[in-house]
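A structural walkthrough
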Amino acid sequence: MTEGAVDPASTAAWSRLTTLAEGFEPDLRAWFADDPGRVERLSFTAADLHVDLSKSFLGEELLDALLALAEEVGLTRRRDAMFAGEHINVTEDRAVLHTALRLPADATLEVDGQNVVADVHEVLERVYAFADQVRSGAWTGVTGERIRTVVNIGIGGSDLGPVMAYEALAPYRQDGLECRFISNIDPTDAATKLAGLDPASTLFIVSSKTFGTLETLTNARLCKAWLLDGLTGSDQTEAVKRHFVAVSTALDKVEAFGIDPDNAFGFWDWVGGRYSLDSAIGTSLVVAIGPQRFAELLAGFHAMDEHFRTTDLATNVPVLMGLLNVWYSSFLGAQSHAVLPYAQLLHRFPAYLQQLTMESNGKGVRWDGTPVTTDTGEVFWGEPGTNGQHAFYQLIHQGTRLIPADFIAVANPAHALRDTHDGETVDVHELFLANFFAQTRALAFGKTADEVRAEGTAEAIVPARVFTGNRPTASVMAPELSPSVLGQLVALYEHITFTQGAVWGIDSFDQWGVELGKQLAQQVGPAISGDDDALAAQDASTRALISYYRKQRVR
Ligand code: F6P
C-alpha cells in the first residue's frame, strides 16, 4: 500500500459533497419530526458501545456521498493493509500493527516471516509475571521491602495512555499500591512526584519507545540519583536492579543506561508511541489493575478491531464517525472537535485523544509526499461534563463556530451515591446523566425566539436567549466503565483517526512535526547556559528572551 495517495479533492464524491455543503441547511427538529425511524436507523452497536448518531448531521444523501468517498479513496483497502502488516507508515517504512497487540494468543499473524502474535504474548507473559510479583510483594526492593509505589517515567505515548487508563480504571486498582507518572522535563514534575516517597519501596519504570527522549532520560537520571541518595547503605548496582525496569524497543540503550536486560520489556517499531498503551508501555497499568483486568482491556480493544475490520461500512461506527468528522472539518469548516466524557474517571481521556488524533492527522503532505489539497486534522479538546458545562459550553451552544462534540457516558457509575435533601432522595448519577441528555438535546434542537418569549422574557433580551440548535453531537454509551469498555473506546478513536487519515491520504503514523523543536532545543541549550557565540547565533527575539531569562534567574 505504498502507491500514490488518492487526492480526495479529485474524486467525484468530493465534488458531490462540495455541492451538498453549499446548500446544506441542517434542521434537526424537522429531521426528527419527519422521520420517526431516524433514531433507530442511526443508532449502532459496536461491541458493548451503543452509539447514537441521530443528533449528528447524518442523513441518507450525506451518508451515501460519504460512503462513496470512502470507496473512491480506497478506505477498506488501506484498512486491510494495516491489519495485514503492510508497511503503510511509508515515511518510516514500517508496518502499523497496534491491532496485533490485542490478538488472542491462538491467532497467527506473519509479518516479514515472523509470527508477531507469539512475540506479543511472550512479552505479555513476562509483563504479567513481573506485575504479579510486584502485586504479591514477592518483588522486593534492595532492602527487602515490598514495593508500594510504581513511578512511570515517560512522555507522550509513553505516558498519556498509562495515565489515562490508570485514572479511568481507578476502581480496579490494588489497594496499597500507588502509581505516579513523571513526564515533563520541568524539574517541578519530578520533584513533586517524588515528594513523600520512600526509595526503599519505590520502583521506577522507564518507558520510552526510542530510549532517546531527552525528557525521559533526564527524568530517569534524576530518579536514579534520588534513589541512590536515599539508599546509601545498599549496593548501588543491586539497588538499580531492584528498583528500575524499562520498556522500550531499543533494548541495547536500556542496557547502556544501566538497567538489567532481564528487567526490560520490549515492543516493536510497528507500534506507534500513541498507539502503545496496550503494549508493554502499559506495564504500570498492569501492576495497578492486574493481568486479568489488563487482558480484559486487550479483549475490549480486539472486539472494536473486529467491528472495524469486518462490519459493513454503512454500519461501521468508527468509519461513520471518521467520515462525519471529515464532513464537519473539510466541508463545514469545523476546526475543532470536543470530546466530553460524562464520567469523571475519563478526565484524562481528552488529553490522551489529543496526541492520538493530532499527532496522527496534523499533516500537510500526503503519504506519497504530495501536498494535501484539503485541510487535515482538527483540534481535539474537552473536559468531563458537568465541569465543562460551567466553563466553555457557552461557546458550543451559542458561539459562531461549528464545534461537533462526542458525549460519552456509562449507565452504571463507579460510585452510586444518593443525595437526600428536603425529604427527597435522588440518585446523583441520574442527576449527572440528566445533564448528558439535556446538553445533547439543547445542542440539537435549541430554543426558538417564540419559545423564549413564551417564558415571559422581555423582548430586548430574547435574541440573547435564543439557541439556534443544529449543533451536531454523537452520543456514546456503555453499560459501565470496565477495562473492556475502556479498550473499546480507545480502539474506537484509533479507528476514527485512521478513517480520517485514509480519506485525507496522509500517513497517520509518523510525527515528523515534533522534530524541529527538539533539534532547536539542543542548539538553544548552550545559549541559555552562557555560551555567547550560541546566543549570538539566535534570532533577535530568542536572544532577547534568553537575555531576560539570564537577568531574572536567581536560583
Ligand atoms: O516527540 C513525540 C514522540 O515521539 C511521541 O510520538 C512519542 O509518544 C513520545 O515522543 C515519546 O517517545 P518515546 O516513547 O520514544 O520516549
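Residues numbered from 1 in each chain as written. Predicted model: local features only at pLDDT ≥ 70, side-chain atom pairs only at ≥ 80, totals over all residues. Heavy atoms only, no water.

1. Concerning the state of the cysteines
One pass over the full model with this rule turns up zero disulfides. Unpaired in terms of disulfides, Cys179 finds its nearest cysteine sulfur in Cys223, a separation of 14 Å. The exposure class of Cys179 is buried, given its relative accessible area of 6%. Assessed through its relative accessible area of 0%, Cys223 is described here as buried. (Disulfide = S-S within 2.5 Å. Buried < 20%, exposed > 50% of the residue type's maximum accessible area, 1.4 Å probe, protein only.)

2. Some thoughts on the site of the ligand
Surveying the vicinity of the ligand reveals 14 residues, the closest of which are Ser158, Ser208, Lys209, Thr210 and Thr213. Measuring from an oxygen atom of the ligand, one finds a side-chain N or O atom of Thr210 at 2.6 Å. A distance of 3.1 Å separates an oxygen atom of the ligand from a polar atom in the side chain of Gln355. Out of a free accessible area of 400 Å², the ligand has 89% covered by protein chains. When grouped by side-chain class, the residues that make up the shell around the ligand number two nonpolar, nine polar and three charged. (Near = heavy atom within 4 Å. Polar contact = N/O pair within 3.5 Å; in protein donor to acceptor, adjacent residues only side chain to side chain. Areas by Shrake-Rupley, 256 points an atom, 1.4 Å probe, with all protein chains shown as cover. Nonpolar A, V, L, I, M, F, W, Y, C, P; charged D, E, K, R; others polar.)

3. Describing the layout of surface pockets
Size it by volume and the largest pocket reaches roughly 910 Å³. In terms of lining residues, the largest pocket is bounded by 34 residues, among which Thr213, Gln511, Val514, Glu515 and Lys518 are the most central. At the level of elements, α9 (214–230), α15 (349–361) and α21 (515–528) are the ones that each hand at least two residues to the lining of the largest pocket. Looking at the lining of the largest pocket element by element, the count peaks at five residues for α21. Tallied by class, residues from the lining of the largest pocket come to eight nonpolar, 17 polar and nine charged. (1 Å grid on protein atoms, 1.4 Å probe; cavity = no way out; pocket = protein on both sides within 12 Å on 5 of 7 lines; lining within 4 Å. Points joined across faces, edges and corners; volume = space filled by probe spheres on them. Helix = DSSP H or I, 4+ residues; strand = E, 2+ residues; numbered from the N terminus.)

4. Quick notes on the domain arrangement of the protein
Each assigned domain of the protein is listed here: domain 1 (8–73 + 311–510), domain 2 (99–292) and domain 3 (514–552). Measuring from the centre of the C-alpha atoms in domain 1 to the corresponding centre in domain 2 gives 35 Å. Carbon and sulfur atoms supply 63% of the area that domain 1 and domain 2 bury against each other, a total of about 1800 Å² over both sides. Per-residue buried area on domain 1 facing domain 2 is highest for Leu345, Tyr352 and Gln355; these three make up 30% of the total on that side. A salt bridge links Glu359 to Arg274; the nearest nitrogen and oxygen atoms lie 2.9 Å apart. In this assembly, domain 1 and domain 2 are joined by nine residue pairs in polar contact (both at pLDDT 80 or more). (Domains from an automatic or database assignment. Buried area = accessible area lost by both parts, 1.4 Å probe. Salt bridge = Lys/Arg side-chain N within 4 Å of Asp/Glu carboxyl O.)

5. Notes on the packing of aromatic side chains
Centre-to-centre distance and the angle between the planes together describe a pair of aromatic rings. Scanning all chains against the criterion turns up 30 aromatic pairs. Between Trp14 and Phe331 the ring centres are 4.4 Å apart and the planes differ by 45°, which places this aromatic pair in the tilted class. With a gap of 317 residues between them, Trp14 in helix α1 (residues 12–22) and Phe331 in helix α14 (residues 317–331) connect regions that are remote in the sequence. Taken individually, Trp14 and Phe331 each receive the classification buried, so the pair is uniform in this respect. Ring geometry for Trp381 and Phe392: centres 4.8 Å apart, planes at 70°, overall edge-to-face. On the criterion of sequence distance, the pair formed by Trp381 in strand β11 (residues 379–381) and Phe392 in the loop between β11 and α16 (393–398) is long-range, its members being eleven residues apart. For the pair Trp381 and Phe392, one class covers both residues: buried. (Phe/Tyr/Trp six-rings, centres within 6.5 Å; stacked < 30°, edge-to-face > 60°.)

6. Re the sheet that holds β11
Pairing in this open sheet of six strands is mixed, and the strands run β1-β2-β15-β12-β10-β11 from one edge to the other. The sheet terminates laterally at β1 (43–46) and β11, the two strands that pair on one side only. When strand polarity is set aside, the average angle formed by the axes of neighbouring strands in this sheet is 20°. Of the strands in this sheet, β10 (336–342), β11 and β12 (405–412) touch α15, which is tilted by about 165° from β11. (Pairing = 2+ DSSP bridges. Axes fitted to C-alpha atoms, helices over the stretch in contact; angles between N-to-C directions. Contact = heavy atoms within 4.5 Å.)

7. Here's the deal with a nonpolar patch on the surface
Taken together, the side chains of Leu417, Val428 and Leu431 make up a nonpolar region of the molecular surface, amounting to roughly 260 Å² of accessible area. With respect to the helices and strands, Val428 occurs in helix α17 (residues 428–445). Taking the relative accessible area as the measure of exposure, Val428 reaches 35% and is therefore partly exposed. (Patch = residues over 30% accessible without salt bridge, like charges linked within 9 Å, V, L, I, M, F, W, Y side chains within 5 Å.)

8. Remarks on the nonpolar core
With 127 residues, the main nonpolar core has Trp270, Met321, Trp327, Phe349 and Tyr493 as its most contacted residues. For this core, the element with the most residues is helix α20 (residues 483–504), which contributes twelve residues. When residues of this core are assigned to domains, at least three fall in each of domain 1 (8–73 + 311–510) and domain 2 (99–292). Ignoring anything within four residues of it in the chain, the contact list for Tyr493 reads Met321, Val339, Phe349, Leu353, Leu356, Asp406 and Ile408. Residues Val151, Phe204, Leu228 and Ala246 belong to the second largest nonpolar core, which totals 25 residues. (Core = buried A, V, L, I, M, F, W, Y, C linked by side-chain atoms within 4.5 Å.)

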